[in-house]
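Spelled out, the chains give:
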Amino acid sequence: GESVGLHLPTLSVQEGDNSIINCAYSNSASDYFIWYKQESGKGPQFIIDIRSNMDKRQGQRVTVLLNKTVKHLSLQIAATQPGDSAVYFCAEIIGGAQKLVFGQGTRLTINP
Amino acid sequence: SQTIHQWPATLVQPVGSPLSLECTVEGTSNPNLYWYRQAAGRGLQLLFYSVGIGQISSEVPQNLSASRPQDRQFILSSKKLLLSDSGFYLCAWSARGAQPQHFGDGTRLSIL
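In this report, we go over the structure that sits alongside the text. Starting afresh in each chain, residues are numbered from 1 along the sequence in its written order. Throughout, the order in which chains and ligands are written sets their labels, letters from A for the former and numbers from 1 for the latter. A pLDDT threshold of at least 70 governs which residues receive local features in this predicted model, and a stricter bar of 80 or more applies before side-chain atom pairs are shown or counted, although totals over entire chains, interfaces and linings include all residues. Hydrogens and water molecules were not included; the side-chain quantities draw on all heavy atoms of the structure.

Brief notes about the state of the cysteines
All names here are of chain A. Our working rule: In this description, the term disulfide denotes a pair of cysteine sulfurs within 2.5 Å. Numbered from the N terminus, helices here are DSSP runs of H or I no shorter than four residues, and strands are runs of E no shorter than two.
A complete count under the given rule lists two disulfides over all chains for this structure. One disulfide bridge connects Cys 23 with Cys 90, the sulfur atoms lying 1.8 Å from each other. Here the S-S torsion is close to 55°, and the disulfide linking Cys 23 with Cys 90 is therefore right-handed. In this pair, Cys 23 is assigned in strand E3 (residues 19-25) and Cys 90 in strand E9 (residues 86-94), connecting sequence segments 67 residues apart.

Listed below in structure tokens is the structure:
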């Protein structure tokens, strides 16, 4: 079964607010994590990634935090916009494998 | 820049009919290629991946097969479709031995 899961299946935030999407993983050997954004009817779009030797990585309006102690990953989106509404997936890679293990996804809705 | 193309975007097929979905990648050489299936409201399940021409690894037993006749072409096939084969099929590529994976826009397959 999947070893990556999400705490909340849905999340609604007001436009302009910050949002945090959480992900738990169970395999301590996971060494690479990715966040994807999937809009309706489209394929997942790469947002940001992080390796296990890092705790934090920032992109444009997005930050990924990795807590290896509790096996927790989060995606923070600053100043949310209507275009941020989508399903967000975390995914992990274990060891040197080339296979991604995806979580179930969180649907983020931005309210005007 | 690299691009990935999948077609068709949507497909309706009767039970028992054959299937051929095609995926091509442009702008890169020797990519890893992947086929995923996504059930409605769910995460992605890896079906096949390939590290080179003619090299296919199957992740789950199923009614589908994959082939890689050329370096940047990946084909998903079935001789006789089942109702359970309905879903959203996504092709992805990554640089050889590297991540992240980049996805196409998928094929919505409905079996009647």
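Focus on the sheet that holds strand E8 (residues 73-78) of chain B
The strands that make up a sheet pair up through hydrogen bonds in the backbone, lying either parallel or antiparallel. Residues and elements named next belong to chain B. Rules: In this scheme, strands are said to pair when DSSP sees at least two bridges between them. With axes taken as lines fitted to C-alpha atoms, and helix axes fitted only over the stretch in contact, angles between N-to-C directions fall between 0 and 180 degrees.
Taking strand neighbours across the sheet as the criterion, the four strands line up as E1-E3-E8-E7 in an open arrangement whose pairing is antiparallel. The strands lining the two open edges of the sheet, one partner per strand, are strand E1 (3-7) and strand E7 (65-70). Each neighbouring strand pair of the sheet contributes to a mean axis angle of 20°, computed without reference to strand direction. Of the pairings in the sheet, the one linking E7 to E8 comprises four bridges and is antiparallel in character. Each bridged residue has a counterpart across the sheet, and for Gln 70 the counterpart in E8 is Gln 73.

Focus: the environment of Thr 28 of chain B
All names here are of chain B. In plain terms, the rule: Under the scheme applied here, a residue whose accessible area is under 20% of the maximum for its type counts as buried, over 50% as exposed, and between as partly exposed, the area being computed with a 1.4 Å probe on protein chains only. Whether two residues are in contact is decided by their heavy atoms, any of which lying within 4.5 Å being enough.
By the secondary structure assignment, Thr 28 is in the loop between strand E3 (19-26) and strand E4 (32-38). Residue Thr 28 is classed as buried on the basis of its relative accessible area of 14%. Along the backbone, Thr 28 and Ile 53 are 25 residues apart, and their C-alpha atoms lie at a distance of 14 Å. Thr 28 has contacts with Gln 2, Arg 72 and Trp 93, leaving out every residue within four places of it along the chain.

Here we look at the interface of chain A and chain B
Cut-off, in case you're wondering: Values labelled buried area give the accessible surface lost by two parts on being combined, using a 1.4 Å probe and summing over both. Think of a salt bridge as a Lys or Arg side-chain nitrogen and an Asp or Glu carboxyl oxygen that are within 4 Å of each other. The term polar contact refers here to a pair of N or O atoms within 3.5 Å; inside protein, the definition further demands a hydrogen-donor-capable atom paired with an acceptor-capable atom, and it admits residues adjacent in sequence only when both atoms are side-chain atoms.
Contacts between chain A and chain B engage 19 residues on the former and 22 residues on the latter. Carbon and sulfur atoms supply 53% of the area buried between chain A and chain B, which totals about 1,600 Å² over both sides. By the criterion of area lost to chain B, the three top residues of chain A are Gln 98, Lys 99 and Gln 104 of chain A, representing 35% of everything that side buries. Taken together, the connections running from chain A to chain B amount to one salt bridge. Linking chain A with chain B are four residue pairs in polar contact (both at pLDDT 80 or more), by the criterion used here.

A short note on the pattern of salt bridges
Per the counting criterion, the structure on display carries six salt bridges over all chains. One salt bridge connects Glu 59 of chain B with Lys 99 of chain A, and the closest N-O pair in it is separated by 3.4 Å. Of this pair, Glu 59 of chain B sits in the loop between strand E6 (55-58) and E7 while Lys 99 of chain A sits in the loop between E9 and strand E10 (100-102), placing the two residues on different chains. In this structure, Asp 71 of chain B and Arg 68 of chain B form a salt bridge, with 3.2 Å as the shortest nitrogen-oxygen distance. For the pair formed by Asp 71 of chain B and Arg 68 of chain B, the shared burial category is buried.

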